[in-house]
Amino acid sequence: MMTKEQKKNYVEEMKKVFSSNEAVMIAHYKGLNVKQLDQIRDEMRKKIEIIIKPRRKADLSQIISDNTKLKNFLRWKPKYNNLKLMVNSCIKWERKLS
(Lines give C-alpha, C1' and ligand atoms only; values in the text may rest on other atoms or scores of the structure.)
Protein backbone atom coordinates (compact mmCIF):
# COMPACT_ATOMS: atom_id res chain seq x y z
CA MET A 1 0.00 0.00 0.00
CA MET A 2 1.38 3.39 -0.99
CA THR A 3 1.44 6.24 1.47
CA LYS A 4 -0.07 9.60 0.59
CA GLU A 5 3.43 11.02 0.12
CA GLN A 6 4.43 8.14 -2.18
CA LYS A 7 1.28 8.67 -4.26
CA LYS A 8 2.02 12.38 -4.47
CA ASN A 9 5.59 11.69 -5.63
CA TYR A 10 4.34 9.12 -8.14
CA VAL A 11 1.88 11.60 -9.65
CA GLU A 12 4.63 14.21 -9.98
CA GLU A 13 6.90 11.68 -11.68
CA MET A 14 4.11 10.71 -14.07
CA LYS A 15 3.45 14.35 -14.91
CA LYS A 16 7.10 14.65 -15.97
CA VAL A 17 6.88 11.45 -18.03
CA PHE A 18 3.62 12.51 -19.70
CA SER A 19 4.94 15.96 -20.54
CA SER A 20 8.06 14.55 -22.22
CA ASN A 21 6.30 11.87 -24.33
CA GLU A 22 3.92 12.03 -27.24
CA ALA A 23 2.07 8.80 -26.44
CA VAL A 24 0.73 7.51 -23.14
CA MET A 25 -0.82 4.11 -22.54
CA ILE A 26 -3.64 4.08 -19.99
CA ALA A 27 -3.87 0.53 -18.65
CA HIS A 28 -4.98 -1.55 -15.72
CA TYR A 29 -1.49 -2.63 -14.53
CA LYS A 30 -1.73 -6.15 -15.96
CA GLY A 31 0.13 -7.21 -19.05
CA LEU A 32 -1.04 -9.35 -21.94
CA ASN A 33 1.08 -11.73 -23.92
CA VAL A 34 0.79 -12.23 -27.69
CA LYS A 35 -1.42 -15.30 -27.29
CA GLN A 36 -3.85 -13.37 -25.08
CA LEU A 37 -3.97 -10.50 -27.59
CA ASP A 38 -4.71 -12.98 -30.38
CA GLN A 39 -7.51 -14.49 -28.29
CA ILE A 40 -9.01 -11.03 -27.78
CA ARG A 41 -8.84 -10.34 -31.53
CA ASP A 42 -10.52 -13.70 -32.23
CA GLU A 43 -13.29 -12.88 -29.80
CA MET A 44 -13.80 -9.48 -31.43
CA ARG A 45 -14.25 -11.15 -34.82
CA LYS A 46 -17.01 -13.45 -33.60
CA LYS A 47 -20.59 -12.41 -33.98
CA ILE A 48 -22.09 -11.30 -30.72
CA GLU A 49 -25.67 -12.24 -30.01
CA ILE A 50 -27.49 -9.30 -28.52
CA ILE A 51 -30.64 -9.96 -26.56
CA ILE A 52 -32.62 -6.88 -25.63
CA LYS A 53 -34.74 -7.25 -22.55
CA PRO A 54 -36.85 -4.76 -20.60
CA ARG A 55 -34.91 -2.46 -18.32
CA ARG A 56 -34.80 -3.52 -14.68
CA LYS A 57 -35.69 -1.11 -11.87
CA ALA A 58 -32.07 -0.66 -10.81
CA ASP A 59 -30.73 -0.20 -14.36
CA LEU A 60 -29.59 3.26 -15.32
CA SER A 61 -31.39 4.83 -18.25
CA GLN A 62 -28.11 6.33 -19.42
CA ILE A 63 -24.49 6.50 -18.33
CA ILE A 64 -22.47 9.64 -18.90
CA SER A 65 -18.73 9.84 -18.41
CA ASP A 66 -16.52 12.88 -18.43
CA ASN A 67 -12.99 12.76 -19.83
CA THR A 68 -12.24 16.44 -19.08
CA LYS A 69 -9.63 15.69 -16.39
CA LEU A 70 -7.78 13.25 -18.64
CA LYS A 71 -7.87 15.65 -21.60
CA ASN A 72 -6.56 18.49 -19.44
CA PHE A 73 -3.91 16.35 -17.81
CA LEU A 74 -2.64 14.94 -21.10
CA ARG A 75 -3.45 18.06 -23.15
CA TRP A 76 -5.22 15.68 -25.52
CA LYS A 77 -8.35 15.89 -27.63
CA PRO A 78 -10.11 12.73 -28.83
CA LYS A 79 -10.35 12.28 -32.58
CA TYR A 80 -14.01 11.20 -32.39
CA ASN A 81 -16.88 12.21 -30.14
CA ASN A 82 -19.31 9.67 -31.51
CA LEU A 83 -19.36 6.08 -30.19
CA LYS A 84 -20.33 4.59 -33.56
CA LEU A 85 -17.37 6.31 -35.25
CA MET A 86 -15.04 5.12 -32.47
CA VAL A 87 -16.16 1.51 -32.76
CA ASN A 88 -15.96 1.59 -36.56
CA SER A 89 -12.46 3.05 -36.32
CA CYS A 90 -11.41 0.23 -33.96
CA ILE A 91 -12.88 -2.42 -36.25
CA LYS A 92 -11.15 -0.89 -39.29
CA TRP A 93 -7.84 -0.85 -37.40
CA GLU A 94 -8.27 -4.48 -36.30
CA ARG A 95 -9.03 -5.55 -39.87
CA LYS A 96 -5.79 -3.94 -41.06
CA LEU A 97 -3.91 -6.09 -38.53
CA SER A 98 -5.37 -9.37 -39.75
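Residues numbered from 1 in each chain as written. Predicted model: local features only at pLDDT ≥ 70, side-chain atom pairs only at ≥ 80, totals over all residues. Heavy atoms only, no water.

1. Quick look at the pattern of salt bridges
Throughout the structure, instances matching the rule amount to 2 salt bridges. For E12, the salt bridge identified is with K15, shortest N-O distance 3.5 Å. Residue E12 and its partner K15 are located together in helix α1 (residues 4–19), separated by 3 residues, close to a single helical turn. The exposure class assigned to E12 is partly exposed, which follows from its relative accessible area of 39%. Across the pair R56 and D59 runs a salt bridge whose closest N-O atoms are separated by 2.9 Å. (Salt bridge = Lys/Arg side-chain N within 4 Å of Asp/Glu carboxyl O. Helix = DSSP H or I, 4+ residues; strand = E, 2+ residues; numbered from the N terminus. Buried < 20%, exposed > 50% of the residue type's maximum accessible area, 1.4 Å probe, protein only.)

2. Observations concerning the environment of R45
With respect to the helices and strands, the residue R45 is situated in helix α2 (residues 34–45). Separated by 49 residues in sequence, R45 and E94 have C-alpha atoms that sit 9.1 Å apart. When near neighbours in sequence (up to four residues on either side) are disregarded, R45 contacts E94 and S98. (Contact = heavy atoms within 4.5 Å.)

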